[in-house]
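As a plain string of letters, each chain reads:
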Amino acid sequence: MSNILIGVTGSIAAYKAADIVNLLTKRGHNVDVILTEAGSKFITALTLQTLSKNRVLVDLFDEDFPREVKHISLAKKTDLLLVAPATADVIAKFAYGFADDMLTSVALALGQRTPVLLAPAMNTNMWNNPAVKENLAKLAARGWFVVEPKEALLACGDLGKGALADVEVIVRAVEDILVHGAAAVAIAPGISP
């Protein structure tokens, strides 16, 4: 059983995180969830908590056990961090090392060998923006993985690449990375470092 940490950020695709959490939990993984403040506008902590069977973390300063610094202890126990959906905003924060909430703080506190998988979801123009591409390139250079979004009719009405990858594709990528590490790139099309 692996300890998977899922970050859920502020995208309309956040509702699909419930299916990801549910499927990974049913497959025997221990799943912890961090819900960003923006993510909580799209899905509730209670939904994710019910499916993961673990308390969902939202606030960086919600420390309820005095002998434990939560963002550090969580980073130490994490075998893989999945951010699904990953917005342009959180990708930029990761690229520049921000630590202004629970998710970005845990990401910065992860061990250098802990794999990170991003599953972006955003408008096509945002996805194609050079700033987003540069930020993803920085993270790829650090060994982070990306499951690219798919082309679809987006919530905003635009047709193009930017929709969150299918739940099964994301879950398969998580398990491939856990089993094969960096070699997962070669065996899982659509996953790029």
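Note that the structure is a prediction, hence the values are computed from the model and not measured. (Residues numbered from 1 in each chain as written. Predicted model: local features only at pLDDT ≥ 70, side-chain atom pairs only at ≥ 80, totals over all residues. Heavy atoms only, no water.)

Chemist: I keep staring at the nonpolar core and nothing clicks. Help me out?
Modeler: Inside soluble globular proteins, nonpolar side chains tend to come together where they are buried. Counting residues in each nonpolar core, the largest one holds 32 residues, and the members touching the most others are Ile6, Val8, Ile20, Leu48 and Leu82. Counting residues per element, the ones that place at least two in this core are strand S1 (3-8), helix H1 (16-26), strand S2 (30-35), strand S3 (80-86), strand S4 (116-120), strand S5 (145-147) and helix H8 (167-180). Top element by residues in this core is H8. It accounts for six residues. With residues near it in sequence (within four places) discarded, isoleucine 20 still touches Ile6, Leu82, Ala84, Val167, Ile170 and Val171. Of all hydrophobic cores here, the second largest spans 28 residues; its members include Ala86, Ala95, Val116 and Met122. (Core = buried A, V, L, I, M, F, W, Y, C linked by side-chain atoms within 4.5 Å. Buried < 20%, exposed > 50% of the residue type's maximum accessible area, 1.4 Å probe, protein only. Helix = DSSP H or I, 4+ residues; strand = E, 2+ residues; numbered from the N terminus. Contact = heavy atoms within 4.5 Å.)

Chemist: Explanation requested: the pattern of salt bridges in the structure shown.
Modeler: Within this structure, the stated rule accounts for six salt bridges. Ionic pairing is found between arginine 27 and glutamate 175, a salt bridge with its closest N-O pair at 3.0 Å. Here arginine 27, found in the loop between H1 and S2, pairs with glutamate 175, found in helix H8; they are 148 residues apart in sequence, far enough to count as distant. Put simply, aspartate 32 and lysine 77 hold a salt bridge, and the shortest N to O gap is 2.9 Å. (Salt bridge = Lys/Arg side-chain N within 4 Å of Asp/Glu carboxyl O.)

Chemist: Even after reading the chapter, I still don't get the packing of helix H4 (residues 88-96) against helix H5 (residues 102-109), so can you show me in this structure?
Modeler: Contact geometry for H4 and H5: axes closest at 10 Å, N-to-C directions at 35°. Both H4 and H5 take part in a crossing whose hand is right-handed. Only Leu103, Thr104 and Ala107 of H5 make contact with H4, whose side of the interface consists of Val90, Lys93 and Phe94. Among the residues making up the contact of H4 with H5, the classes are represented as four nonpolar, one polar and one charged. (Axes fitted to C-alpha atoms, helices over the stretch in contact; angles between N-to-C directions. Left-handed = near helix turned anticlockwise from the far one by under 90°. Nonpolar A, V, L, I, M, F, W, Y, C, P; charged D, E, K, R; others polar.)

Chemist: Hey, could you run me through the side chain of serine 52 in this one?
Modeler: Secondary-structure assignment places serine 52 in helix H2 (residues 45-52). Classification of serine 52 as buried rests on a relative accessible area of 4%. Residue contacts for serine 52: discarding those within four places in its chain leaves Val21, Thr25, Val31 and Val33.

Chemist: Can you help me understand the packing of helix H3 (residues 70-77) against H5 in this one?
Modeler: Between two packed helices, both the angle of their axes relative to each other and the distance between the axes serve to describe the pair. For the pair H3 and H5, the least separation of the axes is 8 Å and the interaxial angle reads 50°. The pairing of H3 with H5 is recorded here as oblique in orientation. Judged by the sense of rotation from one axis to the other, the crossing of H3 with H5 is right-handed. Contacts between H3 and H5 involve Lys70, His71, Ile72, Leu74 and Ala75 from the first element and Met102, Ser105, Val106 and Ala109 from the second. Of the residues that constitute the contact of H3 with H5, the class distribution is six nonpolar, two polar and one charged. (Parallel < 35°, antiparallel > 145°, perpendicular 65-115°, else oblique.)

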